[in-house]
Amino acid sequence: MTDGRVDALLSDLTLDEKLRLVRGRPDPEGRATGYVPGVERLDIPPLRLVDGPLGVRDREATAFPATIALGAAWDPDLARRLGRALAAETRARGHDVLLAPGLNIVRVPTGGRNFEYLSEDPELTSAVGAAYVDGVETGGVGATAKHFVANNQEHRRDTVDAVVPERALREIYLPGFRAAVDAGASAVMAAYNRVNGHYMSEHRRLLDGVLRGEWGFDGVVMSDWWGTHDAAAAAEGGLDLEMPGASAVELFAPHSRLLRALLRLRPSDRLDLDPPLLWRLVDRLADEGQPDPYPFDFFGDPLRAAIADGRVAEATLDRKVRHVLGLYERAGLLDGDGPDGRTPPGESRTDAPSVDWDAHHDLAREVARRGTVLLANDGTLPLGEDDSLAVVGPNADEAKVGGGGSSEVTPTRTVSPVEGLRAGASRVTFERGVKRVANPSMFDLPGSGLRRRVRSGPDFDAAVQAAADADAAVVVVQDGATESEDRASMALPGEQDRLVRAVVAANPRTVVVCRSSGPVAMPWADDVAAILQTWYPGQADGAALADVLYGADPGGRLPVTVGRRFEDYPVAGDERRYPGVDEHVHYDEGVFVGYRGFDRDGVAPRFPFGHGRSYADFEYADLTVERVETPGNDGVNAPALDATVTVANRADRPGRAVVQAYVEPPDPPGATARPGRELGGFASVALDPGERRTVSLAVPRRALARYEPGAGWTVDPGEYALVVGRSSRDGRGRATVEIAD
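Residues numbered from 1 in each chain as written. Predicted model: local features only at pLDDT ≥ 70, side-chain atom pairs only at ≥ 80, totals over all residues. Heavy atoms only, no water.

### Description of the overall build of the protein
Link 1 in the chain: Within the protein, the regular secondary structure consists of 23 helices and 27 strands.
Link 2 in the chain: In the protein, which comprises 741 residues, the proportion classed as buried is 62%.
Link 3 in the chain: Taking the contacts inside the protein whose residues are at least 6 apart along the sequence as the reference set, 76% of them involve residues at least 24 apart.
Link 4 in the chain: When the accessible area of the protein is evaluated, it comes to approximately 27200 Å², of which 47% is carbon and sulfur surface. (Helix = DSSP H or I, 4+ residues; strand = E, 2+ residues; numbered from the N terminus. Buried < 20%, exposed > 50% of the residue type's maximum accessible area, 1.4 Å probe, protein only. Contact = heavy atoms within 4.5 Å. Areas by Shrake-Rupley, 256 points an atom, 1.4 Å probe, with all protein chains shown as cover.)

Here you go:
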């Protein structure tokens, strides 16, 4: 579609038709998460958007591992492959836009949606997130970068004001979104929260000023669901598309006779109740992190009224419609196949592709395996094929396919840890030991967990005895995280810690498998033989676990710092920082998030950012660093340093090294404080036994620079060191480079 075609459509659209294109409506089929009805008169078809990022939330789909597991793989190429697979499934289900990836920084270790995000570090988030976006987009589907920006907690997320210093915004929270825009993301979803006093759905400085003005984003800015608050403020602030633009009753009516009856009877209208009676009940029952679903049609009659009385110019609406039509163009919905090369070679954008579900299950297994982090190992792992196993844990007989919320996926199949291990070993016993941990869902109906609760209780003593009778014990523990609320603490729910202690007392060859949304407390960490962090591994959970336990090298490295307790983290110790006071949460730690704060405060983590052991043994040598002169100094993301290092596998088995390069900057002038080390680049490299390889690492200018409000990105003169190692607290090689004024 050409600009002339856009102009022609705009000139033909009536005001009512323009308003149809900037506000979602219920999907008549009840399958799309978001639905723009189009304009039939002008052959503008509907646009369908569907939830991600762990999989397509429409009927059955591949339940891929949680996004944090993808971050733990530290491999952009793997993320790109995953993005292509998600695009294929999105198209196969008849949708045009995937509401993914999540690019928020893990700031609070107990954050309810940490499992949907990549890491606590902007460089890792940017590299992996951009590759994910590229995979989705080149697969013929629009990617949506969310939730823009500083949506770092679920507690009161729909009202809280994130008071974030400009430097922290620029250095920590914005880079992942900038990378997604540069990678070609079609859409950006505004977060629920406020930032420095303004709701993100109407934040003119960040939406129009930074996102569009500075970064050149020309896609669609949509609200999160029921995340719009004022028609004129959102229209002038830069929002293009209100979602869902409909009430919860309308959205779920296709699936409910009762809701369809309510729509027909209109009891609130008849009783002249505003807000309607239903919403009064919802507000009483909803979690604190749930947005109020009423009112819901700001870009309907309220925007029409704002245009009529001159508070919003119709030209402003035209700009929004132009952005939405541009999304239609990229999706290939106006002119058949998209002319911009987004459709995969040899395919028609209008044809729903067939999906190789077996291949996607195998990819889910690979991502789960590659995202598994071996935190500790005394030599017990890998297990011997003849070892008898006791598998213990409240939910070890079911795959952990994700957390609660909009990312929930109905898997095409599942493999539990018990099933996966029984497929590879003949002598496997299973005992639950303690009560099941609830897998929360935003879509649960009252009483839906009753049947599970009235089952006969587990036998703690039988679990301990099974462990004592086996050659090795595998204890599978987990948390239960969900969108709309943060976890109450870092402790594992229920009596799981007690179970671990009892099992390891009965069998010193005890391996703990931790399926969690992010960091959890591990008071038994020094006592067990090995610890595997598998996050939420998805539908291939047990198969990937068996791969690693029996010898496949765990490729994962921590994308977050694992502290010993919540109080270790930079957000702890002051309610201003978390959960906030009087609807304001103050990011007083500034840029010292995650490992940066641990280093500044001299706190020893349980396991540092970037940590992860291997079954192989790697040696680093011959580190060299050179400055890169970029013609015209074309921005903060331009390469600044070129580093090479030789990595050798000294083991007699294959392994995967994740080479990490950290920048140590000189002291800046004045009172400005900088982190002592910050991730500057990385590479994931598979090495055969005895193999040596020279690995190249490109360090961007952003990794050297600091952001100074009023002056922008600044690279201070002085000596910069580049430290190469296996975590933020490890050093296998160090080289320096001098940067002059």
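### Let's talk about the sheet that holds strand β5 (residues 142–148)
Link 1 in the chain: Strand order in this open sheet of six strands is β1-β2-β4-β5-β7-β10, and the pairing throughout is mixed. In this open sheet, the two strands that pair with only one neighbour each are β1 (34–36) and β10 (220–223). Across the sheet, the axes of successive neighbouring strands diverge by a mean angle of 25°, strand direction being ignored.
Link 2 in the chain: Where strand β4 (residues 97–99) meets β5, two bridges bridge the pair, whose relative direction is parallel. In the sheet register, L98 faces β5, and the bridge partner there is A143. (Pairing = 2+ DSSP bridges. Axes fitted to C-alpha atoms, helices over the stretch in contact; angles between N-to-C directions.)

### A look at helix α20 (residues 496–506)
Link 1 in the chain: Those residues of α20 that sit buried are Q496, D497, L499, V500, A502, V503 and V504.
Link 2 in the chain: Along its buried surface, α20 packs onto β12 (389–392), α19 (460–469), β15 (472–478) and β16 (510–515).

### Comments concerning the nonpolar core
In a soluble, globular protein the nonpolar side chains are often hidden away together inside.
Link 1 in the chain: In this structure, L21, I44, F148, V149, Y173 and L303 are the most contacted members of the largest nonpolar core, which totals 158 residues.
Link 2 in the chain: If sequence neighbours within four positions are ignored, L21 has contacts with L13, V36, G38, V39, I44, L241, V321, V324, L325 and Y328.
Link 3 in the chain: Counting 29 residues, the second-largest nonpolar core is a separate cluster that includes V647, V663, V699 and I739. (Core = buried A, V, L, I, M, F, W, Y, C linked by side-chain atoms within 4.5 Å.)

### Notes on the packing of aromatic side chains
Link 1 in the chain: Evaluation of the coordinates by the stated rule reveals eleven aromatic pairs.
Link 2 in the chain: Ring centres of F115 and Y536 lie 5.3 Å apart, and the angle between their planes is 45°; on these two criteria the pair is classed as tilted. Of this pair, F115 sits in the loop between β4 and α5 (122–138) while Y536 sits in the loop between β17 (530–533) and α21 (541–549), and the two are 421 residues apart along the sequence.
Link 3 in the chain: A relative accessible area of 0% means that F115 is categorised as buried.
Link 4 in the chain: Connected via pairs of aromatic rings, a cluster forms that spans W74, Y595, F609, Y662 and F682.
Link 5 in the chain: Positioned over the ring face of Y199 is R194, at 5.8 Å from the centre of the ring. (Phe/Tyr/Trp six-rings, centres within 6.5 Å; stacked < 30°, edge-to-face > 60°. Lys NZ or Arg CZ within 6 Å of the ring centre and 35° of its normal.)

### So, the sheet that holds β16
Link 1 in the chain: Strand order in the open sheet formed by six strands is β11-β17-β16-β15-β12-β14, with mixed pairing between adjacent strands. Each edge of the open sheet carries a strand with a single partner, namely β11 (373–377) and β14 (428–431). Averaged over all adjacent pairs, the angle separating strand axes in this sheet is 20°, with direction ignored.
Link 2 in the chain: Alignment of β16 against β17, held across four bridges, turns out to be parallel. Bridge pairing in β17 places C514 opposite Q533.
Link 3 in the chain: Contacting β12, β14, β15 and β16, helix α17 (residues 417–424) runs over the sheet at an angle of about 165° to β14.
Link 4 in the chain: Helix-sheet contacts for α20 involve β12, β15 and β16, and the interaxial angle to β15 is about 175°.

### Some thoughts on the side chain of D240
Link 1 in the chain: Looking at where D240 falls in the secondary structure, it is placed in the loop between α9 (231–237) and α10 (248–252).
Link 2 in the chain: At 2.5 Å, the side chain of D240 and the side chain of R212 are in polar contact.
Link 3 in the chain: Sequence-distant contacts of D240, defined by excluding residues within four places in its chain, comprise V22, R212, G219, V220, V221, F299, K320, H323 and V324. (Polar contact = N/O pair within 3.5 Å; in protein donor to acceptor, adjacent residues only side chain to side chain.)

### Examining the packing of helix α4 (residues 76–92) against helix α16 (residues 357–371)
Link 1 in the chain: Where α4 contacts α16, the two axes come as close as 11 Å, and the packing angle between them is 145°. Between α4 and α16 lies a crossing of left-handed hand. Every residue of α16 that contacts α4 at L78, R81, L82, A85, A88 and E89 is listed here: W357, H360, L363, E366, V367 and R370.
Link 2 in the chain: Tallied by class, residues from the contact of α4 with α16 come to seven nonpolar, one polar and four charged. (Left-handed = near helix turned anticlockwise from the far one by under 90°. Nonpolar A, V, L, I, M, F, W, Y, C, P; charged D, E, K, R; others polar.)

### Some details on the side chain of H147
Link 1 in the chain: Within the secondary structure, H147 is located in strand β5.
Link 2 in the chain: Among the polar contacts listed, one links the side chain of H147 to the side chain of Y117, at a separation of 2.9 Å.
Link 3 in the chain: Contact partners of H147, with chain neighbours within four places excluded, come to N104, R113, Y117, F177, M189, A191 and D224.

### Considering the environment of L303
Link 1 in the chain: Turning to its location among the elements, L303 is positioned in helix α14 (residues 301–308).
Link 2 in the chain: Using a relative accessible area of 1% as the deciding quantity, one classes L303 as buried.
Link 3 in the chain: Placed 72 residues apart in sequence, L303 and A231 show a C-alpha to C-alpha distance of 5.3 Å.
Link 4 in the chain: Residue contacts for L303: discarding those within four places in its chain leaves L19, V22, A231, A235, F298, V312 and L317.

### Examining the pairing of β16
Link 1 in the chain: Extensive coverage of β16 is indicated by the burial of six of its six residues.
Link 2 in the chain: Going residue by residue along β16, you find T510, V512 and C514 tucked away on one face and V511, V513 and R515 tucked away on the opposite face as well.
Link 3 in the chain: Two elements, β15 and β16, share six bridges in a ladder whose sense is parallel. Opposite A473, over in β16, you have T510 as the bridge partner.
Link 4 in the chain: After leaving β15, the chain enters α20 and then returns to the sheet as β16, a path that is right-handed. (Right-handed = clockwise from strand over helix to strand, strands pointing away.)

### Considering unusual backbone geometry
What you tend to see is this: most non-glycine residues have negative phi, and most peptide bonds are trans.
Link 1 in the chain: In this model, K146 is joined to H147 through a cis peptide bond whose omega is 0°.
Link 2 in the chain: Of note in the backbone geometry, A150 takes a positive phi value of approximately 60° without being a glycine.
Link 3 in the chain: In this structure A150 comes out as buried when scored by relative accessible area, which is 3%.
Link 4 in the chain: Positive phi, normally seen in glycine, also occurs at W226, with a value near 60°.
Link 5 in the chain: Among the residues examined, W226 registers a relative accessible area of 16% and is labelled buried.

### Quick look at the pattern of salt bridges
Link 1 in the chain: Summed over the entire model, instances satisfying the criterion amount to 57 salt bridges.
Link 2 in the chain: Across the pair E116 and R113 runs a salt bridge whose closest N-O atoms are separated by 2.9 Å. Summarising the burial analysis for this pair, E116 and R113 share the class buried.
Link 3 in the chain: Its salt-bridge partner being E398, residue R436 comes within 2.8 Å of it at the nearest N-O pair. Of the two residues, R436 is situated in the loop between β14 and α18 (450–453) and E398 in the loop between β12 and β13 (410–411); the sequence distance between them amounts to 38 residues.
Link 4 in the chain: The partly exposed category is assigned to R436, whose relative accessible area is 26%.
Link 5 in the chain: Take E398: its relative accessible area is 23%, and that puts it in the partly exposed class.
Link 6 in the chain: Through salt bridges with shared partners, a single ionic network connects E29, R31, R48, D58 and R59. (Salt bridge = Lys/Arg side-chain N within 4 Å of Asp/Glu carboxyl O.)

### Some details on the confidence of the model for the protein
Keep in mind that low pLDDT regions are not for reading the predicted coordinates in detail.
Link 1 in the chain: Across the protein, pLDDT averages 92, with 90% of residues at or above 70.
Link 2 in the chain: Predicted confidence is poor over residues 336–342, with pLDDT under 50, and the contacts of this stretch with residues over four places away or in other chains come to 22 contacts.
Link 3 in the chain: Contacts for the low-pLDDT stretch residues 445–455, under 50 throughout, to residues beyond four places or in other chains number two contacts. (pLDDT = per-residue confidence, 0-100.)

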